[in-house]
Amino acid sequence: MMDEEIQQKIEKIMSQMECSKGFKCKEAGFKQLCKARNTNLDKYLECLDDNPKLCKFSLSFGYSYFCDCPLRIFIKKELRK
């Protein structure tokens with residue numbers, strides 16, 4: 001179970017964004033997340049998903065894709081998932 005402070009941060013992030021996937025990651029208790037790896041960039045993750053072009057949060061850069069989903073970034077950087 002997540003502590004209250006983390007829950008409040010998640011709710012705040014969700015209230016400030018639109019998710020084309022209907023926040024399925026939260027509904028699944030953050031157990032079904034797209035594949036991503038931390039980067040040295042504060043506001044991006046490296047997207048490791050099989051079809052990153054299908055996600056509105058993926059950004060192509062050279063041969064790589066980056067994720068700019070605020071909720072996914074918070075989960076990866078703060079909760080290490």
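The structure displayed is predicted, hence computed values, not measured ones. (Residues numbered from 1 in each chain as written. Predicted model: local features only at pLDDT ≥ 70, side-chain atom pairs only at ≥ 80, totals over all residues. Heavy atoms only, no water.)

K.L.:
Residues and numbers for the packing of aromatic side chains, please.
P.N.:
Evaluated as defined, the whole model comprises one aromatic pair. Arranged with centres 6.2 Å apart and planes meeting at 65°, the rings of Phe-61 and Phe-66 form a pair that is edge-to-face. Residue Phe-66 is classed as buried on the basis of its relative accessible area of 17%. (Phe/Tyr/Trp six-rings, centres within 6.5 Å; stacked < 30°, edge-to-face > 60°. Buried < 20%, exposed > 50% of the residue type's maximum accessible area, 1.4 Å probe, protein only.)

K.L.:
Explain the sheet that holds strand 4 (residues 64-67) residue by residue, including any values.
P.N.:
Paired through backbone hydrogen bonds, the strands of a sheet run either parallel or antiparallel to each other. Read across the open sheet, the four strands follow the order 1-2-4-3; overall the sheet is antiparallel. Here the strands that pair on one side only, and so sit at the sheet edges, are strand 1 (36-38) and strand 3 (58-61). Direction aside, neighbouring strands of the sheet carry axes that sit 40° apart on average. Bridging between strand 2 (residues 45-47) and strand 4 involves two bridges; their strand directions are antiparallel. In the strand pairing of strand 4, Leu-45 is matched with Cys-67. In the packing of helix 3 (residues 70-79) onto the sheet, contacts are made with strand 1, strand 2 and strand 4, and the angle to strand 1 comes to roughly 55°. (Pairing = 2+ DSSP bridges. Helix = DSSP H or I, 4+ residues; strand = E, 2+ residues; numbered from the N terminus. Axes fitted to C-alpha atoms, helices over the stretch in contact; angles between N-to-C directions. Contact = heavy atoms within 4.5 Å.)

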